[in-house]
Amino acid sequence: MASQNTAPRRTASATATNPKLKSTASTMDGHAVTRRLQQELMQLMGAADLGISAFPQGDSLFSWIGTIKGVSGTVYEGLSYKLLLKFPSAYPFNAPTVTFETPCFHPNVDERGNICLDILKDKWSALYDVRTILLSIQSLLGEPNNESPLNGQAAGLWANQEEFKKLLLQKYNENANKK
């Protein structure tokens, strides 16, 4: 009798045939997502995590700008990257779309800023939050998955950290000079 204490769920057919129910369900979902994102923002602001931050972009809670800093002891140490996080209306049940706004030379990041990270794809869980995403991407910088590269050149150079860092800094500085 575990379902005894839970509210009955609306079926897809009920909401599809009744526009009023569909509108109410969508509004309720939107409010739940907004509450969840507000809660995550407050937790992130109160966290003492070094090198990560994120805030809503403009007035919408569904689009955030995040920042990650390269971890000490990696080739990314001292570098800072901006990310764009777009949250779907079904968040947290569907993963947000996360892309690098700052060009990032990395085996798991393509030239358009797309990221190959399992928790943003098939390993997504509603238990993950913005903090988890940012920490995972920050960790990925120093520990790429060369088995699944989006950038073959970066993956090929990764074994030679000295050469990788030289090209990384060259590309990073070229981008900084364009601004």
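Residues numbered from 1 in each chain as written. Predicted model: local features only at pLDDT ≥ 70, side-chain atom pairs only at ≥ 80, totals over all residues. Heavy atoms only, no water.

Colleague: What's the story with the environment of K121 in this structure? I'm lost.
Modeller: In this fold, K121 is placed in the loop between β4 (97-100) and α3 (130-142). Judged by its relative accessible area of 54%, K121 is exposed. The spatial distance from the C-alpha of K121 to the C-alpha of T97 is 9.3 Å, given a sequence separation of 24 residues. (Helix = DSSP H or I, 4+ residues; strand = E, 2+ residues; numbered from the N terminus. Buried < 20%, exposed > 50% of the residue type's maximum accessible area, 1.4 Å probe, protein only.)

Colleague: Even after reading the chapter, I still don't get the pairing of strand β3 (residues 80-86), so can you show me in this structure?
Modeller: For a regular strand, side chains alternate in direction, first toward one face of the sheet and then toward the other. With seven bridges connecting them, strand β2 (residues 60-69) and β3 associate as antiparallel partners. Residue pairing in the sheet places G66 in a bridge with L83 of β3. Where β3 lies against β4, four bridges are found, and the strand directions are antiparallel. Bridging across to β4, K86 finds its partner in T97. (Pairing = 2+ DSSP bridges.)

Colleague: What exactly am I supposed to notice about the nonpolar core here?
Modeller: Within soluble globular proteins, side chains that are nonpolar tend to cluster in buried spots. Grouped together as the largest cluster of nonpolar side chains are 39 residues, with contacts concentrated most on W64, Y76, Y81, F100 and I137. Looking at this core, the elements with two or more residues in it are α2 (19-46), β1 (52-57), β2, β3, β4, α3 and α5 (161-178). In terms of residue count, the dominant contributor to this core is α3 (six residues). Apart from residues no more than four positions distant in its own chain, I137 is found in contact with I68, L83, V98, F100, I115, L117 and L120. (Core = buried A, V, L, I, M, F, W, Y, C linked by side-chain atoms within 4.5 Å. Contact = heavy atoms within 4.5 Å.)

Colleague: Is there a simple way to think about α5 in this case?
Modeller: Because an α-helix packs 3.6 residues into every turn, residues spaced three or four apart end up facing the same way. Taking 1.5 Å per residue as the helical rise, α5 with its 18 residues ought to reach 26 Å, and the 26 Å between its terminal C-alpha atoms agrees with that figure. Considered for burial, the residues of α5 that qualify are F164, L167, L168, Y172 and N175. All buried residues of α5 fall inside an arc of 130° around its axis, so they share one side. Away from its buried face by more than 90 degrees, α5 exposes E162, K166 and N177. On its buried side, α5 packs onto β3 and α4 (152-157). (Expected span 1.5 Å × (residues − 1). Arc of directions from axis to C-beta.)

Colleague: Just checking my understanding: could you explain the sheet that holds β3 for this structure?
Modeller: The strands making up a sheet associate through backbone hydrogen bonding, with each pair oriented either parallel or antiparallel. Taken in spatial order, the four strands make up an open sheet running β1-β2-β3-β4, and their pairing is antiparallel. Across the chains shown, the open sheet's two edge strands, defined by having one partner strand only, are β1 and β4. Between one strand and the next, the sheet's axes are offset by a mean angle of 25°, whatever the strand orientation. On the sheet, α3 packs against β1, β2, β3 and β4 and is oriented at approximately 130° with respect to β1. (Axes fitted to C-alpha atoms, helices over the stretch in contact; angles between N-to-C directions.)

Colleague: Can you help me understand α3 in this one?
Modeller: Taking 1.5 Å of rise per residue, the 13 residues of α3 would be expected to cover 18 Å, and the 19 Å separating its terminal C-alpha atoms lies within 8% of that figure. Taken together, the buried positions of α3 are V130, I133, L134, I137, Q138, L140 and L141. Relative to the axis of α3, the buried residues are bounded by an arc of 155° and lie together on one face.

Colleague: Just to check I follow, could you spell out the UniProt feature "active site" (unreviewed entry) in the protein for this structure?
Modeller: Mapped onto this structure's residue numbering, the UniProt feature "active site" (unreviewed entry) falls at C116. Along the chain, C116 turns up in the loop between β4 and α3. Excluding residues that lie within four positions of it along the chain, C116 makes contacts with N108, L140, S148 and L150. (UniProt positions renumbered as here; feature names shortened; annotations may be inferred.)

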